[in-house]
Amino acid sequence: MIRCEGVTHVYQRGSPFEATALEDVSLEIGAGDVIGIIGATGSGKSTLVQHLNGLLRPTAGRVYLDDVDINAREVDRRRVRQQVGLLFQYPEHQLFEETVTADVGFGPRNLGLAPDEVRERTARALAQVGLDPAVFGPRSPFSLSNGEMRRVAIAGLLAMEPRMLILDEPTAGLDPASRREILDHIMRLRNARGLTIVLVSHSMDAVARLCRRVVVLDRGRVVAQGPTRDVFADPARLAALGLGVPQVAECARLLRERGVPVRPDVLTVEEARRAILDVLAGVAGRRPAPKKVP
Amino acid sequence: MNFLRGLMLGQYVPAESPVHRLDPRTKLLGTMWLVGVVFGTRSLAGLAVLTAFLAGVLAAGRIGPAYALRGLRPVFWLVGIAVVFQVVFGDSGGHVLFRRGPLVVTRENLAAGVFYGYRLILLVAATTVMTFTTSSVELTDGLERLLRPFRRVGVPAHELALMMTIALRFIPTLFEETETIMKAQMARGAEFTRGSLAARARALIPLLVPLFVGAFRRADALALAMEARGYRGGEHRTRMKELRVAIRDYVAAGALLLVAAVVLVPPSLWRAVVGR
Ligand SMILES: Nc1ncnc2c1ncn2[C@@H]1O[C@H](COP(=O)(O)OP(=O)(O)OP(=O)(O)O)[C@@H](O)[C@H]1O
Ligand SMILES: [Mg+2]
């Protein structure tokens, strides 16, 4: 479990370039949670998640992992980073080894594991992101497509076997199929291993589909936080923050505007389908033939 | 983790000030002039005058003294070492202040160490004042103009200036990228600041490889973007901002001459000319 208390972060303090990226941020991430962090560009999302594994130190405030202050002097930050895996934006830019296997094994090797264990974890991690270790393992990471590189980078984190996975825009710049595939792999892992997931994303659809709770950042402050459905229930407010709602929610709103009484709080395609069918069934119950939905 | 940024000497501070508005050529030549004057100084009074002058320029350029001093911080180390060397290995003889075993500190050596150390600080300070108040674009523009007369003897002024512009433009990007990659590798358990020298050198590979790959990727993209916009070298290009010498540039030149005169002309000569 991670808890942030009053975390403030000021970049380049004391210079003319001083910038407060986070201000008094408090939040809690429970074990097994799937939390989305949304916010406009520059709202501090990346800054926030780098506090969660001790890569950045708060200017003020504290970050606790299981009630231990991770910035305390006696805490081994490397252990924190093993437990809380953080995937950076554009993680394919961090690949460096000659082969995919060696690159994915970098984390486990740093943990000081035996070569056998490293090999085993590497193969498992690659399989978990849908890459066949026998096919992709010996290849150079630089010969892969962007989507494949991204998956190798994710495997590099999974091989450290963290309890908590923080993904900073894991699908930015990928095609829809790769996007979906990567998120599906992550969710499968979560369900299999009970991982805690923090998803930073500009895709409201992905957040709505996967996350139970959402934290909304605006210029470094938490401006909304709660169950996904509640956060997305106020499209006007989100729009004012430079954010949107999932497309199906927008769709449902437009339907209601035209007098079709669908539920207002649909978040996923499946929910929308059911909501529309409900309406149609209701209409069918009262009238001989269902009216066509515009 | 922001330690890399701390190393960036004299980062440009955008502001509206008479110093910022000076022609970059004035500032380039003026800085060279000041460096010469600092080297020529023989007296403490000269150093004091130069310090006052630089402080004045900083104030006129709206640079906070605290920020300026922070920019000089890395130099203080160097100066400290230089002073220690001068004190420990300088000439023997003179008034002994302190003696322990082979270590002898004389007053003359200490004074000389402090003097040369302070001169070094002033040298860096003079150049830093320029980089604080001149954007890299202006700097390279000025340099290109200053180098233009040398084109006849084969100096590729435009190309040099362009290379410098691009390099300066991408240095901050490179720093940022270094920081990000370092953090990303630390997230995978890498350690950059622990272990033996060999271990630390090896730890740089996961940093340097992505950095170079990224630099090449960016160079490719930049070349493509420039070609796509029809860039074809320096001939017949016009500029968005023409450099113009204004009255303030003459004022600055006058001030620089005055400082040089005050600092370099021996007091006896002054007395002969002014005092009579
Ligand atoms: N190293 C840095 N030095 C100075 N300011 C920074 C630094 N990193 C980020 N900032 C500033 O802090 C603020 C928050 O940045 P951050 O990267 O956390 O935003 P973000 O929400 O992740 O944005 P995006 O959606 O574009 O990734 C921004 O205003 C940014 O300009
Ligand atoms: Mg970000």
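Only a predicted model underlies this, so the values are computations on that prediction, with no experimental measurement involved.

## A closer look at the sheet that holds strand 10 (residues 221-227) of chain A
Residue and element names in this part refer to chain A.
Line of reasoning, step 1. Reading across from one edge, 6-7-8-3-9-10 is the order of the six strands in this open sheet, with mixed pairing throughout. Edge strands, defined here as strands with exactly one partner in the open sheet, are strand 6 (84-87) and strand 10. Neighbour-to-neighbour, the strand axes of the sheet open up by a mean angle of 15°, direction not taken into account.
Line of reasoning, step 2. Where strand 6 meets strand 7 (residues 164-168), four bridges bridge the pair, whose relative direction is parallel. Bridging from a neighbouring strand, Val84 pairs with Met164 of strand 7.

## Comments concerning the interface of chain A and chain B
Line of reasoning, step 1. Listed per partner, the contact involves 27 residues of chain A and 27 residues of chain B.
Line of reasoning, step 2. Both sides of the chain A and chain B interface together cover about 2,400 Å² of buried area, and 61% of this is carbon and sulfur.
Line of reasoning, step 3. Taken together, chain A and chain B are joined by two salt bridges.
Line of reasoning, step 4. Here chain A is connected to chain B by six residue pairs in polar contact (both at pLDDT 80 or more).
Line of reasoning, step 5. Looking at the side of chain A that touches chain B, the elements with two or more residues in it are helix 2 (77-83), helix 4 (106-110) and helix 7 (146-158) of chain A.
Line of reasoning, step 6. It is helix 4 of chain A that contributes the most residues to the side of chain A that touches chain B, three residues altogether.

## Re the sheet that holds strand 4 (residues 60-65) of chain A
All names here are of chain A.
Line of reasoning, step 1. Read from one edge of the open sheet, four strands run 2-1-4-5, paired in antiparallel fashion. Edge positions in the open sheet fall to strand 2 (19-29) and strand 5 (68-69), since each of these has one partner strand only.
Line of reasoning, step 2. Here five bridges tie strand 1 (residues 2-11) to strand 4, and the two strands are oriented antiparallel to one another. In the sheet register, Glu5 faces strand 4, and the bridge partner there is Arg62.
Line of reasoning, step 3. Sitting on the sheet, helix 1 (residues 45-52) touches strand 1, strand 2 and strand 4, and the angle it makes with strand 2 is about 55°.

## Notes on the site of ligand 1
Line of reasoning, step 1. In the vicinity of ligand 1 there are 15 residues, among which Gly42, Gly44, Lys45, Ser46 and Thr47 of chain A approach most closely.
Line of reasoning, step 2. Near ligand 1, the surrounding residues belong to chains A and B.
Line of reasoning, step 3. Ser43 of chain A places a polar main-chain atom, nitrogen or oxygen, 3.3 Å from an oxygen atom of ligand 1.
Line of reasoning, step 4. Within the contact set of ligand 1, an oxygen atom lies 2.5 Å away from a side-chain nitrogen or oxygen of Thr47 of chain A.
Line of reasoning, step 5. Taking 640 Å² as the accessible area of ligand 1 by itself, protein coverage stands at 70%.
Line of reasoning, step 6. With three residues, helix 1 of chain A is the largest single contributor of residues to the shell around ligand 1.
Line of reasoning, step 7. Here the shell around ligand 1 is composed, by residue class, of three nonpolar, nine polar and three charged.

Rules of the game
Residues numbered from 1 in each chain as written. Chains lettered and ligands numbered in written order. Predicted model: local features only at pLDDT ≥ 70, side-chain atom pairs only at ≥ 80, totals over all residues. Heavy atoms only, no water. Pairing = 2+ DSSP bridges. Helix = DSSP H or I, 4+ residues; strand = E, 2+ residues; numbered from the N terminus. Axes fitted to C-alpha atoms, helices over the stretch in contact; angles between N-to-C directions. Contact = heavy atoms within 4.5 Å. Buried area = accessible area lost by both parts, 1.4 Å probe. Salt bridge = Lys/Arg side-chain N within 4 Å of Asp/Glu carboxyl O. Polar contact = N/O pair within 3.5 Å; in protein donor to acceptor, adjacent residues only side chain to side chain. Near = heavy atom within 4 Å. Areas by Shrake-Rupley, 256 points an atom, 1.4 Å probe, with all protein chains shown as cover. Nonpolar A, V, L, I, M, F, W, Y, C, P; charged D, E, K, R; others polar.

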